[in-house]
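So you can see what is in the structure, the chains are spelled out below.
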2 protein chains.
Amino acid sequence: MKARVFVSLKSTVLDPQGQTVRAALNGLGYPGISDVRQGKFFDIAIAGGVAREQARKDVETIAHEVLANPVIEEYRVEILD
Amino acid sequence: MKARVFVSLKSTVLDPQGQTVRAALNGLGYPGISDVRQGKFFDIAIAGGVAREQARKDVETIAHEVLANPVIEEYRVEILD
């Protein structure tokens, strides 16, 4: 089974990395780019013996406690195949 | 208009960051996690005056030339709303 966790800064938190990318793109001839925000994702492979519901529960816990910092980041979990 | 670009290491390229996360999760009591690979994504806002086809073309170019390193990374572009 595979899961994917998306982690991004909360929309109220400044994203200087994204702003730098936006400024660079504007300077490179793409004035139409009005905003860029950067995030990260984790592709997680789960061993065959784990039940789907248990996998979702585990990945939600992992996302909340390990992969994201809930103070400034939000996350979304997808369970694939 | 919004676009999202996903950038990840090619599957043939080692991902030490993902391996470190996997080892940490195994040690934290999740032995069922067999692999973790990390990637990044960019949420790009495009100004209203740009046509959809032009936006897709621009974002494809941006992904290939700026956001990803095509030697070791692959990318995927999604155009939203």
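Everything discussed here concerns the structure shown above.
Every chain is numbered on its own, with residues counted from 1 as its sequence reads. As a convention, the first chain written is A and the first ligand written is 1, with the rest following in written order. In keeping with the model being predicted, local features are shown solely for residues with a pLDDT of at least 70 and side-chain atom pairs are shown and tallied solely at 80 or more, while totals for entire chains, interfaces and linings include all residues. Processing note: side-chain calculations cover all non-hydrogen atoms of the structure and skip hydrogens and water entirely.

Peer 1: Whenever I open this one, the side chain of E73 of chain A confuses me. Can you help?
Peer 2: Residue and element names in this part refer to chain A. Looking at the element boundaries, E73 is found in strand β3 (residues 73-80). Although E73 is buried, it forms no salt bridge, and the closest oppositely charged side chain is K40 at an N-O distance of 4.1 Å. Note on contacts: a residue pair qualifies if any of its non-hydrogen atoms lie within 4.5 Å across the two residues. Residue contacts for E73: discarding those within four places in its chain leaves V7, S8, L9, K10, K40, L67 and A68. Each helix is a run of DSSP H or I of at least 4 residues and each strand a run of E of at least 2, with the numbering of both proceeding from the N terminus. Only protein chains enter the accessibility calculation, which uses a 1.4 Å probe; a residue is then buried when its area is under 20% of its type maximum, exposed when over 50%, and partly exposed in between. For the purpose of charge, His is not counted, nor are the chain termini; Lys and Arg are scored as positive and Asp and Glu as negative. By convention in these notes, a salt bridge is any Lys or Arg side-chain nitrogen within 4 Å of a carboxyl oxygen on Asp or Glu.

Peer 1: Is there a simple way to explain the pairing of strand β2 (residues 33-46) of chain B in this structure?
Peer 2: In the case of a regular strand, side chains alternate between the two sheet surfaces. Between any two strands, pairing holds if DSSP finds at least two bridges. Across 13 bridges, the pairing between strand β2 (residues 33-46) of chain A and β2 of chain B is antiparallel. Following the sheet pairing, I46 of chain A is matched in β2 of chain B by I33 of chain B. Bridging between strand β1 (residues 2-9) of chain B and β2 of chain B involves seven bridges; their strand directions are antiparallel. Looking at β2 of chain B, one finds that R4 of chain B is bridged to D43 of chain B.

Peer 1: Just to check I follow, could you spell out the relation of the copies chain A and chain B for this structure?
Peer 2: Mapping between the two copies of the chain is achieved by a rotation about an axis and a shift along the axis. To line up the copies, we fit them by least squares on C-alpha atoms, keeping just the residues with pLDDT of at least 70 in both. The operation relating chain A to chain B is a screw motion whose rotation component is 180 degrees, with 0.0 Å of axial translation and a residual RMSD of 0.0 Å. Those values place the two copies in the arrangement expected of a two-fold rotation axis. Among all residues of chain A, the one whose C-alpha sits closest to the rotation axis is K40 of chain A, at a distance of 2.0 Å. The fraction of interface residues of chain A whose copies in chain B are also interface residues reaches 100%, indicating that both copies meet through the same surface.

Peer 1: Is there a simple way to think about the packing of aromatic side chains in this case?
Peer 2: In this description, a pair of aromatic rings is defined by centroid distance and the angle of the planes. Only the six-membered ring of Trp is used, alongside the rings of Phe and Tyr, when aromatic pairs are assigned; centres must lie within 6.5 Å, and planes under 30 degrees apart are stacked while those over 60 apart are edge-to-face, with the rest tilted. A complete count under the given rule lists five aromatic pairs over all chains for this structure. With 6.2 Å between their ring centres and 45 degrees between their planes, F6 of chain A and F41 of chain A make a pair best called tilted. Of this pair, F6 of chain A sits in strand β1 (residues 2-9) while F41 of chain A sits in strand β2; the two residues are 35 residues apart in sequence, bridging distant segments of the chain. Taking the centre distance of 5.9 Å and the plane angle of 70 degrees together, the rings of F6 of chain A and F41 of chain B count as edge-to-face. A residue pair is termed interchain when its members come from two chains, as with F6 of chain A in strand β1 and F41 of chain B in strand β2. Working rule: Lys NZ or Arg CZ, within 6 Å of ring centre, within 35 degrees of ring normal, means a charge sits over the ring. In this arrangement the basic side chain of R76 of chain A is found over the ring face of F6 of chain A, its NZ or CZ atom lying 4.4 Å from the centre.

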